[in-house]
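# Structural features, examined
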Amino acid sequence: MVEDEVRLAETVRRGLVAEGFLVDLASDGVAGLEAAQTGGYDVIMLDIMLPRLNGYEVCRQLRAADVWTPVLMLTAKDGEYDQVDAFDLGADDYLTKPFSFVVLVARLRALVRRGAPERPALLAAGDLTLDPRSRVVARAGAEITLTPREFGLLHYLMRHRGDVVSKAEILESVWDLNYDGDDNVVEVYVGYLRRKIDYPFARKAIETVRGAGYRLEGNGG
Ligand code: CA
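Thresholds applied
- Residues numbered from 1 in each chain as written.
- Predicted model: local features only at pLDDT ≥ 70, side-chain atom pairs only at ≥ 80, totals over all residues.
- Heavy atoms only, no water.
- Donors = N, O, S within 2.8 Å, 3.2 Å for Na, K, Ca; no water.
- Buried < 20%, exposed > 50% of the residue type's maximum accessible area, 1.4 Å probe, protein only.
- Pairing = 2+ DSSP bridges.
- Helix = DSSP H or I, 4+ residues; strand = E, 2+ residues; numbered from the N terminus.
- Expected span 1.5 Å × (residues − 1).
- Arc of directions from axis to C-beta.
- Phe/Tyr/Trp six-rings, centres within 6.5 Å; stacked < 30°, edge-to-face > 60°.
- Core = buried A, V, L, I, M, F, W, Y, C linked by side-chain atoms within 4.5 Å.
- Contact = heavy atoms within 4.5 Å.
- Axes fitted to C-alpha atoms, helices over the stretch in contact; angles between N-to-C directions.
- Parallel < 35°, antiparallel > 145°, perpendicular 65-115°, else oblique.
- Nonpolar A, V, L, I, M, F, W, Y, C, P; charged D, E, K, R; others polar.

## Observations regarding the coordination of the calcium ion
Taken together, the protein donors to the calcium ion comprise D4 (OD), D47 (OD) and M49 (O), at separations of 2.1 to 2.3 Å. Its relative accessible area of 5% is what places D47 among the buried residues.

## Some remarks on the pairing of strand 10 (residues 213–216)
Side chains on a regular strand alternate between the two faces of the sheet. Sheet topology note: the strand 8 (residues 164–165)/strand 10 ladder contains two bridges and is antiparallel. Residue V164 lies in a different strand from strand 10, and its bridge partner there is R215. Of the strand pairs in this sheet, strand 9 (residues 206–209) and strand 10 are connected by four bridges, and their pairing is antiparallel. For E207, the partnering residue across the bridge sits in strand 10 and is R215. A loop of three residues connects strand 9 with strand 10, the two strands running antiparallel in sequence, and G211 in this loop sits at a positive phi of about 75°.

## A short note on unusual backbone geometry
Note the cis peptide between K97 and P98, where omega equals -5°. Note on placement: P98 falls in the loop between strand 3 (93–97) and helix 5 (101–114). Backbone geometry at R52 places phi at a positive 75°, although glycine is not the residue there. Structurally, R52 is set in the loop between strand 1 (44–47) and helix 3 (55–64). The phi dihedral of A140 falls on the positive side, at around 50°, and the residue is not glycine. Following the sequence through the fold, A140 ends up in the loop between strand 6 (136–139) and strand 7 (142–144). Judged by relative accessible area, which is 52%, A140 ranks as exposed.

## Comments concerning helix 5
Here helix 5 spans 20 Å end to end across 14 residues, near enough to the 20 Å set by a 1.5 Å rise per residue. Of all the residues in helix 5, the buried ones are L104, V105, L108 and L111. One side of helix 5 carries all its buried residues, which in axial view fall inside an arc of 130°. Exposed side of helix 5, more than 90 degrees from the buried face: V102, R113 and R114 are the residues found there.

## Examining the packing of aromatic side chains
Summed over all chains, the structure comprises one aromatic pair. Centre to centre, the rings of Y189 and Y192 are 5.0 Å apart; their planes meet at 80°, and the pair counts as edge-to-face. Taken together, the residues span about one helical turn, with Y189 and Y192 both in helix 8 (residues 184–197) at a distance of three residues. By relative accessible area, which is 32% here, Y192 ends up partly exposed.

## Quick notes on the nonpolar core
Counting 27 residues, the largest nonpolar core has L154 and I170 as the members making the most contacts within it. Elements with a contribution of two residues or more to this core: strand 4 (123–125), strand 5 (128–131), helix 6 (148–159), helix 7 (167–174), helix 8 and strand 10. In this structure, L154 is in contact with L128, L130, V137, L146, L193 and I197, ignoring residues within four places of it in sequence.

## What to know about the sheet that holds strand 7
What the four strands build is an open sheet, ordered 4-5-6-7; its pairing is antiparallel. Sheet topology places strand 4 and strand 7 at the edges, where each strand pairs with a single neighbour. Direction aside, the axes of adjacent strands within the sheet are offset by 25° on average. Bridge count for strand 4 against strand 5 is three bridges, and the pairing is antiparallel.

## Notes on the packing of helix 6 against helix 8
Closest axis-to-axis distance for the helix 6/helix 8 pair is 10 Å, and the angle between their directions is 85°. Here helix 8 runs roughly perpendicular to helix 6, going by the angle between their axes. Every residue of helix 8 that contacts helix 6 at R149, E150, L153, L154 and L157 is listed here: Y189, V190, Y192, L193, K196 and I197. When the residues that make up the contact of helix 6 with helix 8 are grouped by side-chain class, the tally is eight nonpolar, no polar and three charged.

Structure, rendered in structure tokens:
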């Protein structure tokens, strides 16, 4: 557990020990990263706002070092990162503070059962692929360069492929939670994305669903 709020950390640790977990505590990001790289843990519970190195960086550096121990990210509702950031960074699950202890235990058990994947799955929709680790996007094997915002938008659409997602949902997840601008910005960015991933190809991946939002074609093959 990488958590700098000492009282919270101690309370949760005691609870987890009572549930049969063995728990090591690290109270800053650097100590947490070191422990996570060497400790052979089954699961890492990682706070985002940490002294010395934030959870965002800890997770990124762990994945860059090929450590795929499942990570449960703790996010704050008013924090500067949201759940989408957590997934983009290679976290496997997230909980928003304040969280229920029962839910925490269930999530940790699920992650331990699942174990560490060799690497995150390549997301695919038709002939469009997105590798969350290398951040490489390709269509029909041809690599496509995206800006970070375009990548975030496409990553979101690919995680929800086959579903209609509204502009409001996209705005809430891909843009900063505190963004209070017009949701037309979503249209603008969908336009940028189409120019790169759709226009050069015969088949359109992103469909506009009138009055509802957008849908990325759903087949994974
Ligand atoms: Ca914190």
